[in-house]
Amino acid sequence: MCFFCSVTRAMQWVVAILLLLGLLENLPARSQHTDDKACDGRGSFEEFPWTAQLLYDEDKSIKCTGSLINSRYILTVAHCLKTRGTKLTGVRLGHTNHARYGTVQEFSAERVIPHPKFIRFSAANDIGLIRLSKPAQYSRHISPIYLPLSKNAPLADGAQVASSGWGVLGYGEVQTEVKKKILSTLVSNEICKKLYTNSTKPVTSNHLCATEGDTHACLGDSGAPLMYRRDNRWEQIGVLSFGLWCGSEYPTVYTNVAKYLDWIKQNSGLNKKK
């Protein structure tokens, strides 16, 4: 008999009612699914329930990824918001890329907020937010991810991390139907800077770099969360900004979330007292 489980169910009903009333848009994730059984490059249905699909144009094609950080805001990269020749039309949350399933929720974008100092050419300050048209309803398949508690939370080179996106499986391949699970290893910024020395997108202290395992980020994964397990919970430490090519041995480069905590909180309501 699990007393806590019955209490949790009751609390879920209370939270659901408050969310419908729009009173808890800043509620953080209270628990997270940690089933790490899928090791074939696909997350299980309940794994990484904050991973969002960004939809573009009338056909709702998935061209970027994001992450739910509270019931009204998606964290992603600025280059997915300041687009050319394509228009962000919505956001989809849930365990598959098919809207017909009941566990999937779709939203229009009430407001897009690219970082004001974003520079496309160099990918400086490549981070942004989307305010959803209505609050997301939390479930086993949809819940927000934690952000770092401080700007100085320790991260060691060689730490095992993960990312999850909705991009294609590789050049010339199809879009994933179940969110990817990309296992990676953090590498030092010094090594990463040297590898990208000749790139128009220099690696700075505002970045994190990670080398990938058997599953790779590719087209459509921009904006995907880089996640680190701290104190038995997933914490988003990065947002996928750029890389050399799909499956490259070069590290993938992420915007360092800790460097932008104040900006994120100021623009998403996460700094409001509960």
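Residues numbered from 1 in each chain as written. Predicted model: local features only at pLDDT ≥ 70, side-chain atom pairs only at ≥ 80, totals over all residues. Heavy atoms only, no water.

Colleague: Just to check I follow, could you spell out the pairing of strand E7 (residues 128-132) for this structure?
Modeller: The two faces of the sheet receive side chains in turn, since in a regular strand these alternate between them. The buried fraction of E7 is high, at 5 of 5 residues. Side chains Gly128, Ile130 and Leu132 project from E7 onto one buried face, and the interleaved Leu129 and Arg131 project onto a second face that is buried too. Relative to E7, strand E3 (residues 73-76) is paired through 4 bridges, and the arrangement is antiparallel. Counted as the bridge partner of Tyr73 is Arg131 from E7. Here strand E6 (residues 109-114) pairs with E7 via 5 bridges, running antiparallel. Of the residues in E7, the one forming a bridge with Ile113 is Leu129. (Buried < 20%, exposed > 50% of the residue type's maximum accessible area, 1.4 Å probe, protein only. Helix = DSSP H or I, 4+ residues; strand = E, 2+ residues; numbered from the N terminus. Pairing = 2+ DSSP bridges.)

Colleague: So what exactly am I meant to see when it comes to the sheet that holds strand E8 (residues 160-163) here?
Modeller: Strands pair in a sheet through their backbones, by hydrogen bonds, and they do so in one of two ways: parallel or antiparallel. Sheet architecture is closed into a barrel: 6 strands sit in the order E8-E9-E10-E13-E12-E11, paired in antiparallel fashion. Between one strand and the next, the sheet's axes are offset by a mean angle of 45°, whatever the strand orientation. Note that strand E10 (residues 207-212) and strand E13 (residues 252-256) share 4 bridges and pair antiparallel. Along E13, the bridge assignment pairs Ala210 with Thr252. (Axes fitted to C-alpha atoms, helices over the stretch in contact; angles between N-to-C directions.)

Colleague: Sorry, what's going on with the packing of aromatic side chains here?
Modeller: Aromatic rings considered in pairs are described by the distance between their centres and by the relative angle of their planes. Inspection of every chain in the model, using the stated rule, returns 4 aromatic pairs. Ring centres of Phe48 and Trp50 lie 6.2 Å apart, and the angle between their planes is 50°; this geometry places the pair in the tilted category. Assigned by exposure class, Phe48 and Trp50 land together as buried. Here Tyr196 and Tyr250 contribute two aromatic rings whose centre-to-centre distance is 5.8 Å and whose plane-to-plane angle is 85°, an arrangement assigned as edge-to-face. With Tyr196 in the loop between helix H2 (189-195) and E10 and Tyr250 in the loop between strand E12 (233-242) and E13, this residue pair connects regions lying 54 residues apart in the sequence. Tyr196 sits in the buried class, given a relative accessible area of 4%. Using a relative accessible area of 33% as the deciding quantity, one classes Tyr250 as partly exposed. An aromatic cluster is defined as three or more aromatic residues linked by ring pairs; in this entry it consists of Phe48, Trp50 and Trp234. A cation sits over an aromatic face here: Arg229 above Trp234, 5.1 Å from the ring centre. Directly above the aromatic system of Tyr146 lies the positively charged group of Arg233, at a separation of 3.7 Å from the ring centroid. (Phe/Tyr/Trp six-rings, centres within 6.5 Å; stacked < 30°, edge-to-face > 60°. Lys NZ or Arg CZ within 6 Å of the ring centre and 35° of its normal.)

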